[in-house]
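Architecture and fold: a report
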Amino acid sequence: MKLLGESLVVFRDGQGRLGLIDERCPHRRVSLRYGIPEVEGLRCCYHGWMFDTTGRCIEMPAEPEDSTFKDRVRTKAYPVEELGGLVFAYLGPPPVPLLPRWDLLVMENVWRDIGVTTIPCNWMQCMENSLDPVHTEWLHGRYYEYVMSRRGMKNESGERMVRRVIGHHLKIGFDVFPHGIIKRRVRAGGSENDASWRFGHPILFPNILRVGWTLQFRVPMDDTHTWHLMYQVLPPPPEAKPTQDRIPVYEIPLTDQLGQHITDFVLGQDMMAWVTQGPIADRDLEKLGDSDQGVILFRRLLREQLAIAEAGGDPMNVFRDPATNTFIEIPVEYGLIEAARARSLATGQAPWSP
Ligand code: FES
Ligand SMILES: [Fe+2]
């Protein structure tokens, strides 16, 4: 794994303990990606040095039996924890905070799947897009129609078959709440009584988007690469077990065989927008308008939280009290599909039952 510019290896030892250590073996720098998981730790494939999950070197098979060399060798190690089918790592200063128990990660009796993509741009571009409601009208509306019409998709009257008219935004609003920012909108024909204004869509600071029953994690691998996880929670199909033995992981492709972005689905359209801004978008060259107020607010919040962290404080979403970290419920606006899922999870009925 590449995380925050560091090359690391995640492993599980023979006792089921997870470890996250420097990719390179401290002996002669061979990659521990090719290490051998053993009962006590991860053994380097080159000369057999072994490291436990805390980064201690616990064996050097080729050194003399009475050597104490291994006691003086450590490798970098970070704490990791599993939750909801994901492995989370903490790369910050001590003391290690609690892993946030977001509702979708800890919900029981649901199914999950995870779509992953490595995106060749800075993570902030993904987040700024999530604070920009107006783009949905164009990128996921007008442009989507155009993409489909170029494929010749028409109805019997010769009209474009695909209609993705997403109502014009009459009003957008943004509020900082204890876990991030909620974005709100009123579209043409709607009012402030709509769920899209009353509940809105939250982003969880700093790098998660919540839409309905999904979380999108934007993990900074380094300055110019983001590991994107589309984490989906689903009601179990009828007759199926309420829990899964394994959570399926699949790859969401970024480009086709010709290297062109795939833009006939919503996430593909967003990914195209993020990546084509460049590896790190040049903000100095932007011309921000009134409709960019969410982007501006996010940048301001990030600066504020960075200052708190620099001063030694806890920025937003650092949890230390187990009592407030059992099930962090986030109010969201549901679309039609998500509303059916919500009903189904609440009533135990399949979302597709009449
Ligand atoms: S390089 Fe890892 S044991 Fe020698
Ligand atoms: Fe989008």
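Worth saying up front: this structure is predicted, and the values here are computed from it rather than measured. (Residues numbered from 1 in each chain as written. Chains lettered and ligands numbered in written order. Predicted model: local features only at pLDDT ≥ 70, side-chain atom pairs only at ≥ 80, totals over all residues.)

1. A few points about the domain arrangement of the protein chain
Selection rule: Note: domain ranges come from an automatic or database domain assignment. The contact criterion used is a C-beta to C-beta distance within 7 Å, with each C-beta placed from the backbone. Charged means Asp, Glu, Lys or Arg here, nonpolar means Ala, Val, Leu, Ile, Met, Phe, Trp, Tyr, Cys or Pro, and polar covers whatever is left, Gly included.
Here the protein chain is partitioned into domain 1 (2-78) and domain 2 (103-347). Taking only C-alpha atoms into account, the centre of domain 1 sits 37 Å from that of domain 2. In this assembly, four residues from domain 1 lie in contact with five residues from domain 2. Per-class residue counts for the side of domain 1 that touches domain 2 are two nonpolar, one polar and one charged.

2. Here we look at the packing of helix 2 (residues 123-130) against helix 5 (residues 266-276)
Note the threshold: To obtain an axis, a line is fitted to C-alpha atoms, over the contacting stretch when the element is a helix, and the angle between two such axes runs from 0 to 180 degrees between their N-to-C directions. Helical segments are the DSSP runs of H or I of at least four residues, strand segments are the runs of E of at least two, and each set is numbered from the N terminus. Under this scheme an angle from 65 to 115 degrees is roughly perpendicular, one under 35 degrees roughly parallel, and one over 145 degrees roughly antiparallel; angles in between are oblique. Two helices cross in a left-handed way if the nearer one is turned anticlockwise from the farther one by less than a right angle. They cross in a right-handed way if the turn is clockwise.
One can describe the packing of helix 2 onto helix 5 by two numbers: an axis separation of 9 Å at closest approach and a directional angle of 125°. Classified by the angle between their axes, helix 2 and helix 5 sit oblique to one another. Of the two elements, helix 2 crosses helix 5, and the hand of that crossing is right-handed. Taking contact as the criterion, the partners of Gln125, Cys126 and Asn129 in helix 2 are, on helix 5, Asp270, Ala273 and Trp274. Classifying every residue of the contact of helix 2 with helix 5 by side-chain character gives three nonpolar, two polar and one charged.

3. Some thoughts on the pairing of strand 17 (residues 225-234)
Put simply, the rule is: At least two bridges found by DSSP between two strands are what make those strands a pair.
Pairing of strand 11 (residues 111-119) with strand 17 involves nine bridges; the strand directions are antiparallel. Bridge pairing in strand 17 places Trp111 opposite Leu234. Counted between consecutive antiparallel strands, the loop separating strand 16 (residues 214-222) from strand 17 contains two residues.

4. Side note on unusual backbone geometry
Glycine aside, residues mostly have negative phi angles, and peptide bonds mostly take the trans form. Pro94 connects to Pro95 through a cis peptide bond whose omega is -5°. Here Pro95 is to be found in the loop between strand 10 (86-89) and helix 1 (103-106). Each neighbour pair has its own omega, and for Phe205 with Pro206 the value is -5°, a cis peptide bond. Mapping Pro206 onto the fold places it in the loop between strand 14 (201-204) and strand 15 (208-211). Phi is positive for Leu4, which is not a glycine, with a value near 50°. Considering the arrangement of structural elements, one finds Leu4 in the loop between strand 1 (2-3) and strand 2 (6-12). Although it is not a glycine, Asn109 sits at a positive phi angle of roughly 55°.

5. Describing the sheet that holds strand 7 (residues 57-59)
One open sheet accounts for four strands, arranged 4-5-6-7; its pairing is antiparallel. This sheet does not close on itself; its edge strands, each paired only once, are strand 4 (36-37) and strand 7. Here two bridges tie strand 5 (residues 42-43) to strand 6 (residues 50-51), and the two strands are oriented antiparallel to one another. By the bridge assignment, Leu42 is partnered in strand 6 with Phe51.

6. Quick look at the nonpolar core
Most often, soluble globular proteins have nonpolar side chains that are buried together. Spelled out, the test is: Core membership is restricted to buried Ala, Val, Leu, Ile, Met, Phe, Trp, Tyr and Cys residues, and these are joined into a nonpolar core through C-beta atoms within 7 Å. Neighbour density around each residue's C-beta defines its exposure: 20 or more other C-beta atoms within 10 Å make it buried, 12 or fewer make it exposed, and counts between make it partly exposed, where C-beta atoms are placed from the backbone.
Counting 31 residues, the largest nonpolar core has Met127 and Ile203 as the members making the most contacts within it. For this core, the elements supplying multiple residues, two or more each, are helix 2, strand 13 (180-187), strand 14, strand 15, strand 16, strand 17, helix 5 and helix 6 (293-310). Beyond its immediate stretch of four places on either side in the chain, Ile203 contacts Met127, Ser130, Leu131, Gly180, Ile181, Ile208 and Leu209.

7. Some thoughts on helix 6
How we decide: Residue count minus one, scaled by 1.5 Å, sets the expected span of a helix. It is the directions from the helix axis to the C-beta atoms that the arc portrays.
Compared with the 26 Å implied by 1.5 Å per residue over 18 residues, the 26 Å span of helix 6 between its first and last C-alpha is a close match. Inspection of helix 6 places Gly294, Val295, Phe298 and Leu301 among the buried residues, and these make up the whole buried set. Along helix 6, the residues classed as buried sweep out an arc of 125° about the axis, all on the same side. Of the exposed residues in helix 6, the ones pointing more than 90 degrees away from its buried face are Arg300, Arg303, Ala307 and Glu310. One or two residues past the end of helix 6 sits Gly312, with phi positive at roughly 90°.

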